[in-house]
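# Report on the structure
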Amino acid sequence: MPSSTPASAMSDRAVEIGQAPAQEQVYRPWRAIARKFFSYKASVVSLVILILIVLFAFAGGPLWKYSYAVSTSDLSAPPSWEHPFGTDHLGYDLMAGVMRGTQRSLSIAGTVAVLATLIGSIWGAVAGYVGGWADSLLMRIVDLIMIFPLLAVAAFLARQSQGGEHGWLLVALVLATLSWTVLARVVRSVVLSLRTREFVIAAKIAGAGPVRIIFRHLLPNTVGPIIVAATVLVASAILSETALSYLGFGVQPPDTSLGLLINQAQGAISTRPWLFYFPGLFIILIALCVAFIGDGLRAALDPKQQRK
Amino acid sequence: MLAYLVRRLLVMIPMMLIASFLMFVVISFSGDPLAGLKTMQPPPPPEVLHAMAVKLRLDQPLLDRYWMWLSGLFVGDFGPSIHNIDIGAELVKRLGVSLRLLALGIVLAFLMAVAASVIGAVLQFSWADHIISFVAVAMISMPVFWLALQLKRLAISINQELGFRLLYTSGDGAGMTASTPWDRVLLLIGVLALPTIALSMQAFGTWSRYGRVALIDALNSEYVKLARAKGLSETRVVLAHGLRTSLAPMLTVVAAGGAVILGESVVTETVFQWRGMGDLLVTGIQNNDVYVVLGWLLVAGLIIMVFNLIADILYAVLDPRIRYER
Amino acid sequence: MNIRLHGLTTILSALVVFTAPTAVLAQDNLVTGEPITTVNSGTPGKGGEVTFTVTRDITNWNVTSALGNNAVVRTVTLPIVPSAFMVQPDFTLKMNTDLLESAELTSTDPQTVVYRIREDAVWSDGVPITGDDFIYFWKTQNRRDCPECLINASDGHDFIETLEQDETGKVVTATFSEPFVGWQGLFMFLYPAHLAEKHGDIAESYNNFLSNEVPTWSGGPYMVESFDPGQLVTLVPNPKWYGEKGPYLDKLKFRIITDSTQQLTALENGEVDVIYPQGATQDMVEQAAGLDYLGIDFQMNPAANWYFMGLNSKAGPMSDIALRKAVLTAIDAGDLKAKTADPYLRNWPHMGSVMFLPNQAGYADRRGARGYGTGDVEKAKGILSEAGYKLSGGSLLDPSGKPVSTLRLGFPPGYPAANDMARLITGYIAPLGLKTDLLTGPNATADYLLSGNFDLYLSYFSQQVFPAVKAGQIFLRDAGQNYFGFNDPKIEEIIGKAAAASSIEESAAILSEADELAMDYAALFPIYQLPTALIYKEAILNLRDNPNQLGPAYNTAEWGLAE
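All values reported here derive from a predicted model rather than from experimental measurement. (Residues numbered from 1 in each chain as written. Chains lettered and ligands numbered in written order. Predicted model: local features only at pLDDT ≥ 70, side-chain atom pairs only at ≥ 80, totals over all residues. Heavy atoms only, no water.)

## A closer look at unusual backbone geometry
Both trends apply: most residues other than glycine have a negative phi, and most peptide bonds are in trans. In this chain, Q41 of chain B is followed by P42 of chain B through a cis amide linkage whose omega measures -5°. When you line up the elements, P42 of chain B lands in the loop between helix 2 (35-38) and helix 3 (46-55). The amide bond that connects D109 of chain C to the next residue, P110 of chain C, takes the cis arrangement and shows omega of 0°. Mapped onto the elements of the fold, P110 of chain C is located in the loop between strand 4 (100-108) and strand 5 (111-117). With a phi angle near 65°, R57 of chain B is a residue other than glycine that sits in the positive phi range. By relative accessible area, which is 12% here, R57 of chain B ends up buried. With a phi close to 55°, N288 of chain B is a non-glycine residue in the positive phi region. N288 of chain B gets classed as buried once you look at its relative accessible area, which sits at 8%. (Helix = DSSP H or I, 4+ residues; strand = E, 2+ residues; numbered from the N terminus. Buried < 20%, exposed > 50% of the residue type's maximum accessible area, 1.4 Å probe, protein only.)

If you want it as structure tokens, here you go:
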């Protein structure tokens, strides 16, 4: 597959001259990447499971006979054919609750992961590449945001809003705003070690502007930590929301989320365990699937990665 | 490097000013500190409420209040709290408790994370790698109170097997008699065991994920390929060269995580009943006790900034390619 | 090996419980069936330690001050502070025979009470307990002698006009400016006046010495040995204890554990001996029942706190009495109790009055008598249509044709039962065409309730021994807890008369009328009482649930371990 960037053309020339080829990212067509991805069994299985979960959450609600907002007369029923996940002490069907909760949690986690990854990676790459006082300014802003406790901001916003249908979006935005900082620092540290490399210098000599260098040369080489961050963010977003609702600031009833469900079931772990383990299972499944998909993605995108 | 260090330390002062002012505004508009009193049954008489408002300086304008707090700091006065505590003394005490709780856990988590990263990177996509990833992700996605509960259950079983109470499920050992040095050691183990395991499992989860990927990238880098080409043994390549360059991103996460845990380990502190910094923050926020939160911010903020600074310095030390001067 | 097996079995057993049908709630270790005032009686042996768990840290030791007036401070200071009368588990007031020989109402016009303090009653430093202590306390509470004293409530001490003692100091005479039926509730906590006057004037000693310093004095069976802030209070016997019985224990410790789930595991691990979690939940009770094998018993009773839903009769859609009555009629209180209480609370009473607990004189089911809480949706719709409301397309239209705005139902966080009830109530009133948004969070009370801009609010009230006193705190026009807009001068008049009655029975009879009027107002809907749960090692004798403000620590002099 012909590579089309001048820098890579340059590296070809470097090979001709007999020097060690400058290591750099070459964009490969997606088909090759996809083929590579699908060779990783764990990732494929995870992708399938995740798709099933998404279907369950978003399409299952209207299809299931019980609504998450209507209480039945079966109080505290353990799992059965009638109620596959059991019911809580008020007779609310747990499967309906888990569907709805997964919807919310996926929405929150997805929003946080996408936003925080975008902001954090670009911020860190710019800071690491540009250096100097701009780097200092950007990183001091990162420090400032890191200092701010999530709780305080959430409490402040909880007071201004007051729940409602779109309370989850606010939670997601708050979480996103406060969690991109670690990724920014990680990306910056990787970029710092990359920017003195030959391929970067070569690209600059070839006349590539900073934007092109950042987006086509530096960021792709940080794809490893970026993907890990995105996957970790998914899990930690769900858990941060759990911590927030533990203290009353997250998603509010009657809306539900996986975090709210497991909080409400905290006392029931040994007495009515289904109330806790089903939502908990979904949290872990989502986190695991996203993590293994991420592993596969990262390996597929990384040209230096040897196929196993 | 020295100039860099000095610059970074100096810039912390304006940063703390900005952060503390923003936090002051946020908390002041987050709720009424007297709400708890006003909703007592019955509520105190208006004179009492007024006296409390004066004590908390609520009759003064916002900027004056901030200035009073700031100038108070120079004489060691951290401001009035709703609950009549000496905020300065409380901070010192709580910091000690948190550090005691975290120190062991962080070290443990770091060691486990490094080991897991090595296995994960060297044996990528093997069964060992999958199992470790599974455990790590499970730790990240598992709520602390569940992990704590299982640990406590286990502890109770162990105690019953042993016939005496070795492991404690809550508290920091206050009021327990420990006469001999051996008793003291046992008490320390008994009280620290569960919280340390819970904390380190959480941290290990995140750190090992970053470490694995960092090490994979490092092992594929030309720097390591060069080392291999030089004929060094694989072990030496992995440990001395690969690990060293992968430490930079990993240290970032450790530095960030260590400081974050200080504030966000609330649930852990509640579950194990340690009166640490996280607990202080939460009670401060729930009671709209603005000076308590500001006190927390001073301590935690400084720690976070110092940790980040240390991490930045260590990058340059560990990775010769990193330079801060242009 | 064994350890791992145990860990494995705990996880496996969770899975087993998971799949097996829930067994009927066996509660062999529920102590019940005896008069609530003599449950768990016995003669203990001397010695031993008991660790009682409390749920908050102690930052203020003054139990009558605004900041110190909470259940934990009360529990911890009851063993060291003498009281004139104490509330018993059956919600009556009994004179403290350790402190007083007699306390008599000698005249009704003007009302005069004479206290005779026992000769042996002394403080822990040997100084006798005299009228000085009564007078000091009265001055701090009556809002005249010490306006700067940061008290919580005068509780009627301001009705005492003069307080005098004789030369011996042991006979104290209180003359009232107006008749007050609640005189037995006065002087429930006394402080050492002779120590207070060494620490500044009245305000200073009250606000600083008594509030901020850990008490080194005592007038009760125990005294403070040490305080580990945030963790532990240790009490040891007061060598100068003058009472008839006890103290039996070597040490009485109060352990601070703020989270009730953690309290249970601490009890299971033997780190504490007694827990008294606020707001017992079904899971807690089930777990307590399961701790039988460790020799742990538990007692449960309806508390003096009762859940209510309040309606804002001053503003918003709820200012129309027809809508209020309809809402109250549509609520199915029977279903509510069946779902939220009956699964784990046996024979739990409804609450049909807003001024009396079911076990207080004057109680009657005035709620049911008006058809409130019946869940009769048809009747509710009838009330609405009579008042001009119309149901159109699933929404309710008010008489002017505008749709009724979405109601907001707020409740404080930390009460799972309130959460449940709120959800259910939303369902009960939905057929009337009413939509409801739930609102909670740490600022629910402050922002929502106190601002006056709310529709519905679900919470609980703490009932007092004297219904007239509590009614005065809720139903008077300028009362501190009159959130719901009670504005009836007739109710005020009756409450005033009831508060001035000469006996509890007379007061109750008078107050019943006010209860009827308040129920007619339809702004306050009583639900049922909260449960208490006292979970403890069965070896501890005379440890008894006291489901009112005083709590189980009312008789620590008698606590001890079985031989």
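## A few points about the UniProt feature "transmembrane region" (unreviewed entry) in chain A
The UniProt entry lists residues 38-59, 108-130, 137-156, 168-187, 218-239 and 274-297 of chain A under the feature "transmembrane region" (unreviewed entry), expressed in the numbering used here. For residues 108-130 of chain A, helix accounts for 100% and strand for 0%, while the C-alpha atoms at its two ends are 33 Å apart. (UniProt positions renumbered as here; feature names shortened; annotations may be inferred.)

## Focus on the interface of chain B and chain C
Residue-level contacts link 46 residues of chain B with 49 residues of chain C. Both faces combined, the contact of chain B with chain C buries some 4,000 Å², and carbon together with sulfur accounts for 54% of it. Sorting the residues of chain B by area buried against chain C places Q41, P42 and R275 of chain B first, and these three jointly supply 15% of that buried surface. We note a salt bridge from E268 of chain C to R153 of chain B, for which the minimum N-O separation is 3.6 Å. Applying the counting rule to chain B against chain C returns 17 residue pairs in polar contact (both at pLDDT 80 or more). Counting only elements with at least two residues in the side of chain B that touches chain C, the list comes to helix 2, helix 3, helix 7 (144-162) and helix 11 (266-272) of chain B. Per-element accounting of the side of chain B that touches chain C gives the leading share, 10 residues, to helix 7 of chain B. Considering only residue class, the side of chain B that touches chain C consists of 21 nonpolar, 16 polar and 9 charged. (Contact = heavy atoms within 4.5 Å. Buried area = accessible area lost by both parts, 1.4 Å probe. Salt bridge = Lys/Arg side-chain N within 4 Å of Asp/Glu carboxyl O. Polar contact = N/O pair within 3.5 Å; in protein donor to acceptor, adjacent residues only side chain to side chain. Nonpolar A, V, L, I, M, F, W, Y, C, P; charged D, E, K, R; others polar.)

## Some remarks on the interface of chain B and chain A
With 70 residues of chain B at the interface, the matching set in chain A holds 65 residues. Our enumeration of links across chain B and chain A arrives at 4 salt bridges. R209 of chain B serves as the salt-bridge partner of D295 of chain A, at 3.0 Å between the closest nitrogen and oxygen. Applying the counting criterion to the chain B and chain A interface returns 8 residue pairs in polar contact (both at pLDDT 80 or more).

## Observations concerning the pairing of strand 18 (residues 524-537) of chain C
Residue and element names in this part refer to chain C. Burial runs high along strand 18: 13 of the 14 residues are buried. Sheet analysis places strand 11 (residues 274-275) next to strand 18, joined by 2 bridges and oriented antiparallel. Residue pairing for strand 18: I275 is matched across the bridge by I535. With 11 bridges joining them, strand 12 (residues 296-311) and strand 18 adopt antiparallel strand pairing. (Pairing = 2+ DSSP bridges.)

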